[in-house]
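The residues making up each chain are set out below.
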Amino acid sequence: MIAAGPRGCARALRASASVLAAAAGLAAGCFPGPAGAQPRPAPVPAAPASRAPAGPLDGATYDYERPPAPAGGAAAPAVPPEQRWLGRAFVHRLAAADPARPLPILVFLHGTNAAQIKHRWMGGGQEGDVRRIAAQLMEAGQIPPILVAAPSAVLPAAVAVARTSWPAFDMDAFLDATAARLRGVATVDSARVIVAGHSGGGCNAAGGIATALRASPPAHAALVIDTCMDADIALPFAQSPPTTHVVVSWQTLTWARRPFADFRRAFQRGIEAHPAAPGVLRELEHLHPTEPMPHDAMVPLVLRRWLPSLLSVDAVPSVPCVSP
């Protein structure tokens, strides 16, 4: 099931306070974080391993799709081909301990995929495995138990070109499908959704992370990892909901020809026109991975830097408590 967590007071006051308190280890009700306090990146090794040692994951993986396979001869739902996907979710043993407890979820959008690899970054392909990155953080006690889920594009044309990848991605539909697949196994906390987009996953101003940020309730955070950084995509990031943390990270070791100055100016203008709530991040950071394949190495580097602080109590933004 999917649970409405402590994003806003109206939603929190309608929900069960005791369930919300258990959801993320917080007090029930509204959560006015320290005024002006912002999450900060966690220290990471100078050269973190992007590929975890081989071995079985301590958890279970669940596959599903959009549209769902029709049952009993029913017609399949009408979903445009470019918006269809194969979904995969991972539930670590620590996250499966209490199926009724709403847990944060990391939603990962892969980049272009001309090779048509299924479940890229979720067990498919050679770049890395987001499930293992999250599992390592949980097992080390650096983050609380979380769920991990990702769509995998079905139509090659939908992820063939970075700037048109993931057209009109529907985060609400993805979360609903994920929650349905995990029913009885784990519960999604809709107020603690972190969406990460790597490369082409964050290049389309009309899709990918840009449209994921229109979800309701808004995402808790967006991690934009080494994407195209065109000026037109800067505005959707800067104009994210005021309680959504946004971190844009990039490297120039292998991708130096991007309009960084134009992106920065557009991002700043967007922030000035649509300021975030107190304590909410609008962060730009230039990183320097030391591993081979720096573009791919950015994924574990950014997740290890930011997930610990974004999943902490202090990462809940300071917002006024307004009765419904």
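Definitions and limits used
- Each chain has its residues counted from 1, following the order in which its sequence is written.
- pLDDT decides what is reported in this predicted model: residues at 70 or higher carry local features, side-chain atom pairs at 80 or more are listed and counted, and totals for whole chains, interfaces and linings draw on all residues regardless.
- Note that the side-chain values use all heavy atoms of the structure and ignore hydrogens as well as water.
- Counting from the N terminus, the helices are the DSSP runs of H or I reaching at least four residues and the strands are the DSSP runs of E reaching at least two.
- Think of it in three bands: residues with accessible area under 20% of the maximum for their type are buried, residues over 50% are exposed, and the middle band is partly exposed, with areas taken using a 1.4 Å probe on protein chains only.
- Should any heavy atoms of two residues lie within 4.5 Å, those residues are counted as being in contact.
- Areas reported as accessible are Shrake-Rupley estimates using a 1.4 Å probe. Residue values count occlusion only from the protein chains shown.
- Note on geometry: axes are lines fitted to C-alpha atoms, helical ones only across the stretch in contact, with angles between N-to-C directions running from 0 to 180 degrees.
- By definition in this entry, angles of less than 35 degrees are roughly parallel, angles greater than 145 are roughly antiparallel, angles of 65 to 115 are roughly perpendicular, and the rest are oblique.
- Here is the rule for handedness: rotate from the far helix to the near one, and if that takes an anticlockwise turn smaller than a right angle the crossing is left-handed, while a clockwise turn gives right-handed.
- Residues are grouped as follows: Ala, Val, Leu, Ile, Met, Phe, Trp, Tyr, Cys and Pro are nonpolar; Asp, Glu, Lys and Arg are charged; all remaining types, including Gly, are polar.
- Counted as salt bridges are all cases of a side-chain nitrogen of Lys or Arg within 4 Å of a carboxyl oxygen of Asp or Glu.
- Buried Ala, Val, Leu, Ile, Met, Phe, Trp, Tyr and Cys residues that are joined via side-chain atoms within 4.5 Å together make up what is termed a nonpolar core.
- Values of pLDDT, the confidence the predictor places in each residue, fall between 0 and 100.
- Here the aromatic set is Phe, Tyr and Trp, taking the six-membered ring for Trp, and pairing holds for ring centres within 6.5 Å; pairs whose planes are under 30 degrees apart are stacked, those over 60 apart are edge-to-face, and all others are tilted.
- For a Lys NZ or an Arg CZ to count as sitting over a ring, it must be within 6 Å of the ring centre and within 35 degrees of the ring normal.

When you look at the overall build of the protein in this model, what are you seeing that I'm missing?
Of regular secondary structure, the protein possesses eight helices and nine strands. Counting every position in the protein, which comprises 324 residues, the buried fraction comes to 54%. Within the protein, counting contacts between residues at least 6 apart in sequence, those at least 24 apart form 81% of the total. Within the structure as shown, the protein displays about 13000 Å² of accessible surface, and the carbon and sulfur contribution to it stands at 58%.

Would you take a moment to explain the packing of helix 6 (residues 231-238) against helix 7 (residues 260-273) for this structure?
Two packed helices can be described by the angle between their axes and the distance between those axes. Between helix 6 and helix 7, the least distance of the axes is 8 Å, while the angle of their chain directions is 30°. Relative to helix 7, the element helix 6 is oriented roughly parallel. Between helix 6 and helix 7 lies a crossing whose hand is right-handed. Between helix 6, through A231, I233, A234, L235, F237 and A238, and helix 7, the contact on the second element is made entirely by D262, F263, A266, F267, G270 and I271. Broken down by class, the residue content of the contact of helix 6 with helix 7 amounts to 10 nonpolar, one polar and one charged.

So what exactly am I meant to see when it comes to the pattern of salt bridges here?
When their charged atoms lie close together, side chains carrying opposite charge are able to pair. Summed over the entire model, instances satisfying the criterion amount to nine salt bridges. Across the salt bridge formed by D58 and R93, the nearest N and O atoms sit 2.7 Å from each other. With a gap of 35 residues between them, D58 in the loop between helix 2 (17-24) and strand 2 (59-66) and R93 in the loop between strand 3 (85-92) and strand 4 (102-109) connect regions that are remote in the sequence. Residue classification places D58 among the partly exposed residues on the basis of a relative accessible area of 30%.

Can you walk me through the nonpolar core in this structure?
Buried together is how nonpolar side chains tend to be arranged in soluble globular proteins. In terms of nonpolar packing, the biggest core is built from 46 residues, with L147, M171, V195 and F237 touching the most fellow members. Ignoring any residue separated from it by four or fewer positions in sequence, one finds L147 in contact with F90, V91, A95, L103, P104, I105, L106, L182, A186, T187 and V188.

Sorry, what's going on with the confidence of the model for the protein here?
Where the model shows low pLDDT, its predicted coordinates should not be examined in detail. Taken over all residues, the pLDDT of the protein has a mean of 84, while the share at 70 or more is 81%. Of the regions scoring below 50 in pLDDT, residues 5-35 engages in 63 contacts with residues more than four places distant in sequence or in other chains. pLDDT under 50 marks residues 47-52. Its contacts with residues more than four places away, or in other chains, come to 14 contacts.

Explain unusual backbone geometry here, please?
Most peptide bonds take the trans form, and the phi angle of most residues other than glycine is negative. For the peptide bond that leads from R66 to P67, omega is 0°, which places it in the cis range. For P67, the location among the structural elements is in the loop between strand 2 and strand 3. For the bond from S216 to P217, the omega torsion is 0°, close enough to zero to count as cis. Mapped onto the elements of the fold, P217 is located in the loop between helix 5 (209-212) and strand 7 (221-225). Phi is positive for D226, close to 50°, though the residue is something other than glycine. Looking at the element boundaries, D226 is found in the loop between strand 7 and helix 6.

Looking at this structure, I do not really get the packing of helix 3 (residues 130-139) against helix 8 (residues 294-310). What am I missing?
In contact at an axis separation of 10 Å, helix 3 and helix 8 are set at 35° when each is read in the N-to-C sense. Our pair here, helix 3 against helix 8, has a crossing hand that is right-handed. For the pair helix 3 and helix 8, the contacting residues are V130, I133, Q136 and L137 in the first and V299, P300, L303, R304 and L307 in the second.

How do you make sense of the packing of aromatic side chains when you look at a structure like this?
Geometry of an aromatic ring pair is reported as the spacing of the ring centres plus the angle between the planes. This model, assessed by the stated rule, comprises eight aromatic pairs. Ring centres of Y64 and W85 lie 6.2 Å apart, and the angle between their planes is 90°; on these two criteria the pair is classed as edge-to-face. Taken together, the residues span a long stretch of sequence, with Y64 in strand 2 and W85 in strand 3 at a distance of 21 residues. A residue is classified by how much of its surface remains accessible, and Y64, at 11% relative accessible area, is buried. Pairwise contacts between aromatic rings join Y64, W85, W166, F169 and F174 into one cluster. Taking NZ or CZ as reference, R258 lies 4.0 Å from the ring centre of W255, over its face.

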